[in-house]
Amino acid sequence: MALMGRRGTEEPNPSRRYAGNALWLLAGEAVGKLASFVFVIIVARGLGALRYGFLNFAFSFVPLFLMVAAWGLNIALVRAVSRDRDRMPELLSSAIALRLALGIPALLLALSIAPFLVDGSEAFLTVAIVGVALLFDELAGLLGAVFKAYETMRWDALVTITNRIGSTLLAGLVLLL
């Protein structure tokens, strides 16, 4: 007897669905890591040692503060949405509000400490831009949590791939200008 989904269509065998989801996650991570590697090569060559150091510092420093905005929120969202899919819009909007309520003060704290650790406006601006980008990345992670709750890893993987390849292409384009 076949299992019927919400739309009245036949759902695939659970083992096949799990394997498919695992393959999508593996493909998303593999392509994402490869694109990130190319991104680092492009950016490191284009920026030079000093500016690449600013960027590397920003990518290391800001997450120390933004982790306060995460604190298990993605896992809690996956659990809540998978239990009650009808409440997804309410749960997602609450998670976004909570992430912003914690993330903005955390980012502001990082930006208030950064001038004591970096020298010059260019380095500080790098920290600020990367900080805002990382906060948006944290928000995007909530969408990935919803995809996981719905067990549609294909979309999570495609978002990861698009994000990483898009970032790499934009970095290359900016450095060509």
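Residues numbered from 1 in each chain as written. Predicted model: local features only at pLDDT ≥ 70, side-chain atom pairs only at ≥ 80, totals over all residues. Heavy atoms only, no water.

Q: Before we move on, can you summarise the side chain of Thr-126 with the specific residues and values?
A: By the secondary structure assignment, Thr-126 is in helix α4 (residues 121–149). Thr-126 gets classed as buried once you look at its relative accessible area, which sits at 18%. There is a polar contact of 2.8 Å between the side chain of Thr-126 and the backbone oxygen of Glu-122. Here Thr-126 is in contact with Phe-54, Leu-55 and Ala-58, once residues within four sequence places are set aside. (Helix = DSSP H or I, 4+ residues; strand = E, 2+ residues; numbered from the N terminus. Buried < 20%, exposed > 50% of the residue type's maximum accessible area, 1.4 Å probe, protein only. Polar contact = N/O pair within 3.5 Å; in protein donor to acceptor, adjacent residues only side chain to side chain. Contact = heavy atoms within 4.5 Å.)

Q: So what about helix α1 (residues 14–70)? Which residues, and what values?
A: One full turn of an α-helix is made of 3.6 residues, so residues set three or four places apart face in the same direction. The end-to-end C-alpha separation of α1 is 31 Å, well short of the 84 Å expected for 57 residues at 1.5 Å each. The largest bend along α1 measures about 125° and falls at Gly-48. Backbone geometry just after α1 places Trp-71 at a positive phi near 25°. (Expected span 1.5 Å × (residues − 1). Bend = angle between axes of the 7 residues up to and from the residue.)

Q: How would you sum up the nonpolar core? Please name residues and give values.
A: Grouped together as the largest cluster of nonpolar side chains are 21 residues, with contacts concentrated most on Phe-61, Val-62, Leu-66, Leu-107 and Val-127. Those elements that place two or more of their residues in this core are α1, α3 (88–113) and α4. Per-element accounting of this core gives the leading share, eight residues, to α1. In contact with Leu-66, not counting residues within four places along its chain, are Gly-103, Ala-106, Leu-107, Gly-131, Leu-134 and Leu-135. By size, the runner-up hydrophobic cluster in this structure holds twelve residues, among which are Val-81, Leu-92, Ala-95 and Ala-145. (Core = buried A, V, L, I, M, F, W, Y, C linked by side-chain atoms within 4.5 Å.)

Functional significance is not addressed by these values, which are geometric in nature.
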